[in-house]
Amino acid sequence: MSQSKHTKTKTLRRNAGRPIEGQSVGREAVINSAISLLREKSTEQLTLSEVATVAKVDRALIRYYFSNKTGLLKAVAIKLLSELQSRSLELFTEKGSLEEKIRARLELLINIMHEMPQFAQLVFKEIYYAEQAQKIGAESNTQIAQGAADRGLALTKAIIDSPEVDTIGRALDPRFLHLMMLGTSVFFATSQPLIQLMFGSEAKKQDITSCYIDFATKIILRGLGAPLPAHKEKHHQKSRNPS
């Protein structure tokens, strides 16, 4: 009897933190719970206890899947970036003209930054700035970062390869365009205090965002030598009539 009890105790200790057979909450549910919390708070404020509470699991299960908070944040960053790139690819397939594709990509980038302001910081810290020797599953951080960069760059290269782009535009380096599109989206989405100072109560945030995307899209189209959209100017432009 005593030996049986001792064996059972050893088994429980050895399996501590492992998901119970038939348990409905898995790795993805924990990641999704962390993402939900990160829409409202910073990575520094996030705790494993909070994630466990939202996911309705024991904190030991989170440590079993991710080892620690850093491992969880890395998994969150990989999932968010993968979903962003998958959605970008879907939009490229759905949208018709070059203008629509550029506009859709800018909108997607800006929207995710509005939904989670620390998105860019999280991705850079946990994927691109991480220790290169560390491994996630069978892949090293270098492989994960390179794969993410290659997939993002392929989307931008598809813009330059569009038949609407002229000969000069096709000779441009897609890497610079990729950096420009990311930079112009991230900076705009994280510059609300500056935008508020410049525009004040002139327009709601969504109107400003729409006008900014129109502006950025035209700049990119012009730089690529592609035809500009025949849209009416937005009402946000200030009158140039002398007063």
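Quantities reported herein were computed from a predicted structural model and do not represent experimental measurements.

1. Side note on the nonpolar core
Okay, step 1: Counting 58 residues, the largest nonpolar core has I62, L72, V76, I102, F119 and L224 as its most contacted members.
Okay, step 2: Of the residues forming this core, the biggest block, 10 residues, is contributed by helix α5 (residues 69–94).
Okay, step 3: Not counting residues within four places of it along the chain, the set of residues in contact with F119 comprises L80, L81, L84, I112 and M113.

2. What about unusual backbone geometry?
Okay, step 1: The phi torsion at K56 lies on the positive side, around 60°, for a residue other than glycine.
Okay, step 2: By secondary structure assignment, the location of K56 is in the loop between α3 (48–55) and α4 (59–66).
Okay, step 3: Judged by relative accessible area, which is 72%, K56 ranks as exposed.
Okay, step 4: A positive phi is found at S67, a non-glycine position, where the angle reads about 75°.
Okay, step 5: Within the secondary structure layout, S67 lies in the loop between α4 and α5.
Okay, step 6: We classify S67 as exposed; its relative accessible area is 53%.

3. Overview of the pattern of salt bridges
Okay, step 1: Under the definition given, this model contains nine salt bridges.
Okay, step 2: The partner of E28 in a salt bridge is K79, with the nearest N and O atoms 3.0 Å apart. Of the two residues, E28 is situated in helix α2 (residues 27–38) and K79 in helix α5; the sequence distance between them amounts to 51 residues.
Okay, step 3: Classification of E28 as partly exposed rests on a relative accessible area of 41%.
Okay, step 4: With relative accessibility at 17%, the residue K79 sits in the buried group.
Okay, step 5: R39 is paired through a salt bridge with E115; the nearest N and O atoms lie 3.5 Å apart. Taken as a pair, R39 in the loop between α2 and α3 and E115 in helix α6 (residues 98–115) lie far apart in primary sequence, 76 residues in all.

4. Section: the packing of α5 against helix α7 (residues 119–128)
Okay, step 1: Two elements in contact, α5 and α7, have axes whose closest approach is 9 Å; the angle formed by their N-to-C orientations is 115°. For the crossing formed where α5 meets α7, the hand is left-handed. Each of T70, L73, K74, V76, A77, I78, L80, L81 and L84 in α5 lies in contact with α7, whose residues at this interface are F119, L122, V123, E126, I127 and Y128.

Calculation notes
- Residues numbered from 1 in each chain as written.
- Predicted model: local features only at pLDDT ≥ 70, side-chain atom pairs only at ≥ 80, totals over all residues.
- Heavy atoms only, no water.
- Core = buried A, V, L, I, M, F, W, Y, C linked by side-chain atoms within 4.5 Å.
- Buried < 20%, exposed > 50% of the residue type's maximum accessible area, 1.4 Å probe, protein only.
- Helix = DSSP H or I, 4+ residues; strand = E, 2+ residues; numbered from the N terminus.
- Contact = heavy atoms within 4.5 Å.
- Salt bridge = Lys/Arg side-chain N within 4 Å of Asp/Glu carboxyl O.
- Axes fitted to C-alpha atoms, helices over the stretch in contact; angles between N-to-C directions.
- Left-handed = near helix turned anticlockwise from the far one by under 90°.

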